[in-house]
Amino acid sequence: MLIKNGTVVTSQIVEKADIWIEGERIRAIEPNLHQHVNASPPIIDATDMLIFPGGVDPHTHMDLSQGDDADPHCYQTGTRAAAYGGTTTIIAHLPFEQQKNPLQYQVDRHRRLAHSEALVDYGFHGVVDHVDSNIIADLKTFPRQGITSVKFYMTYPVHLSDTSILPLLEHAKHLGILLCAHCENDAMIAYTEQKFKRRHRLQPRYQAALCPSICEAEAVYRLCSMARLVDDVPLYLVHISSRSGLNAWREARRGAPIVLETCPQYLTLDDDLYQTKNSNEPINEQALRYSACPPLRTLRDRDTLWQAIRCGEIATVATDHCPISFQEKRKGLYDVTRCPHGLPGIAARLPLLYTYGVIQRGMPLCRLVDLWSTNAAHCFGMYPTKGTIKKGCDADLVLFDPNQHWKMTADQLHEDLDYTPYEGITCIGKPIMTILRGSIIVDHATCVAKPGYGQYIHRGPSDFSRLNTGLYS
Ligand SMILES: [Zn+2]
């Protein structure tokens, strides 16, 4: 396959070039290749298109059932939406193991589910909700299975105490496993909830105040301090949402290898949506559409996150995609602590980054590629097979039309849900074609991939040394 006349964008360069794909790999990238190649491969004309590496989304949830009742098609639905959005690689967080099976149980179960259903390539993060000798024995087997990252939480009933986190940090360093942490102080959140409960203020409109950013900041500071104490263990902090969370990281990490992720919702939406009616729904119903953990923050927080992107402090923008329908969320209409939190968005990431970053804030295209694909591939041991466009790497590409103006709707995103938090947002630029390992998987709003085309990625160790921090002003 030959893709001609497109503008190829990597985290290093923007250049007009043709891309020659042979089999599943990129064979050559050169200007005007189509004039020299005298084979007769199918030719795709990418005039006026930007060509980015296929997206790598390192924070997704395909199945939130927390048990054995997973939707059997969860990988098909979620990865189809990913493909529509230009994402060719996902890393899925595994649900918790409630039956006290070994960690391996969920790994095997999800490998089976994804094997027959996934349309894009995939890997998994392990998850730990307690630490004992069995868990450590299981973790030891992960790297040779290609699972080189494990998540833990500092809040929710499954959270780890400091007493468990410290030995886990030590083991992870020893095993070469990157720990991913959800940083929020559980006791502070529980205390705040109790206080609000006494005042009958658990409706969705109070979400931001129910989970204040100081809870994030405290946990970030504490965890960074613990990581430094345990010999500068590398860490990946998921969904940093606030200015105070960022400041805690700036103060506590002191040069330790601790990398930050944020999500499109914290870069494009704000907590005004919990308070100010902008639809014809009652305010609590409107607010429920944005129930997330952490919640949406202030406009000032949002601006600070963009500044942190500008000065290279945030490494990745992942979606934390949660396939929860609005129908399910309605359980929380009178008490938001009763409904599952989390926002869908696996298909919305690229147009949001382009519109809010490149168009509105002058973010260079190369920096977009860092956040969208390359840095996640470095963090999670997939570079250079994934995360870039160069000779020999997987031919994972997204053709993006920067001239389309369109309104985001749940239908347009193909996430198979009854809502999107980005409903009605006018975006500039749209993914038009997605190519995974040399095969077109989405072609102009039609998904042509077969379930099961996606492959398991046996990931290597993470490599922070090559992260791009692309400063710009
Ligand atoms: Zn998540």
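Residues numbered from 1 in each chain as written. Predicted model: local features only at pLDDT ≥ 70, side-chain atom pairs only at ≥ 80, totals over all residues. Heavy atoms only, no water.

1. What to know about the domain arrangement of the protein chain
This is how the line gets drawn: How far each domain reaches was decided by an automatic or database domain assignment. Any two residues whose heavy atoms approach within 4.5 Å at even a single point are treated as in contact. Salt bridges are defined as contacts in which a side-chain nitrogen from Lys or Arg sits within 4 Å of a carboxyl oxygen from Asp or Glu.
Domain parsing of the protein chain yields domain 1 (2–50 + 390–403 + 422–447) and domain 2 (54–383). Distance between the C-alpha centres of domain 1 and domain 2: 30 Å. Across the contact, 30 residues belong to domain 1 and 32 residues belong to domain 2. Along the contact surface separating domain 1 from domain 2 lie one salt bridge. Taking the shortest distance from any N to any O, the salt bridge between Asp-121 and Arg-437 comes out at 2.7 Å.

2. Looking at the pairing of strand S16 (residues 439–443)
Convention followed: Pairing between two strands is assigned when DSSP locates at least 2 bridges connecting them. Secondary structure elements follow DSSP: runs of H or I of four or more residues count as helices, runs of E of two or more count as strands, with numbering from the N terminus.
With four bridges connecting them, strand S15 (residues 426–436) and S16 associate as antiparallel partners. Counterpart to Met-433 in the pairing with S16 is Asp-443. Count of turn residues in the S15/S16 antiparallel hairpin: two residues, of which Arg-437 carries a positive phi of about 45°. By the bridge criterion, two bridges tie S16 to strand S17 (residues 446–447) in an arrangement that is antiparallel. Each residue of the ladder has a partner; that of Asp-443, found in S17, is Thr-446. The hairpin formed by S16 and S17 contains two residues between the paired strands, and His-444 there has a positive phi angle of roughly 45°.

3. As for the pattern of salt bridges
The test is simple: The classification of residues rests on relative accessible area computed with a 1.4 Å probe and restricted to protein chains. Under 20% of the type maximum is buried, over 50% is exposed, and intermediate values are partly exposed.
In total, this model carries 18 salt bridges according to the counting rule given. With its nearest N and O atoms 2.6 Å apart, the salt bridge here joins Glu-313 to Arg-250. In this pair, Glu-313 is assigned in the loop between helix H11 (299–310) and strand S13 (314–317) and Arg-250 in helix H8 (residues 243–253), connecting sequence segments 63 residues apart. For Arg-250, a relative accessible area of 33% corresponds to the partly exposed category. The salt bridge involving Asp-370 is made with Arg-367; its shortest N-O contact spans 3.2 Å. Taken together, the residues Asp-370 and Arg-367, both in helix H14 (residues 365–379) and three residues apart, mark about one turn of the helix. Across the pair, exposure class does not vary: Asp-370 and Arg-367 are buried alike.

4. Regarding the sheet that holds strand S11 (residues 235–237)
Our working rule: Fitted lines through C-alpha atoms serve as axes, helices being fitted only where they are in contact, and the angles separating the N-to-C directions of these axes extend from 0 to 180 degrees.
Pairing is parallel across the open sheet formed by eight strands, whose spatial order is S6-S7-S8-S9-S10-S11-S12-S13. Looking at the sheet topology across the chains shown, the edges are occupied by strand S6 (55–60) and S13. Strand-to-strand twist of the sheet, defined as the mean angle between neighbouring strand axes without regard to direction, takes the value 30°. The sheet contact formed by strand S12 (residues 258–262) and S13 spans three bridges and is parallel.

5. Considering the packing of helix H7 (residues 213–229) against H8
Note the threshold: For classification purposes, an angle smaller than 35 degrees is called roughly parallel, one larger than 145 roughly antiparallel, one from 65 to 115 roughly perpendicular, and anything else oblique. Note: crossing handedness is left-handed where the near helix turns anticlockwise from the far helix by less than a right angle, and right-handed where it turns clockwise. Following the grouping adopted for this structure description, the nonpolar residues are Ala, Val, Leu, Ile, Met, Phe, Trp, Tyr, Cys and Pro, the charged ones are Asp, Glu, Lys and Arg, and the polar ones are all others, Gly among them.
Their axes nearest at 8 Å, the elements H7 and H8 cross at an angle of 20°. In terms of axis orientation, H7 runs roughly parallel to H8. Two packed elements cross with a definite hand, and for H7 against H8 that hand is right-handed. For the pair H7 and H8, contact is made by Ser-213, Ile-214, Glu-216, Ala-217, Val-220, Tyr-221, Cys-224, Ser-225 and Arg-228 and by Ser-244, Gly-245, Ala-248, Trp-249, Glu-251, Ala-252 and Arg-253, respectively. The class makeup of the residues in the contact of H7 with H8 is eight nonpolar, four polar and four charged.

6. Describing unusual backbone geometry
Following Cys-293, the chain continues into Pro-294 via a peptide bond in cis, with omega recorded as 0°. For the peptide bond that leads from Tyr-383 to Pro-384, omega is 0°, which places it in the cis range. Within the element layout of this structure, Pro-384 appears in the loop between H14 and strand S14 (397–407). Here Tyr-156, not a glycine, exhibits a phi torsion of approximately 80°, which is positive. On the secondary structure map, Tyr-156 appears in the loop between strand S9 (149–153) and helix H4 (162–175).

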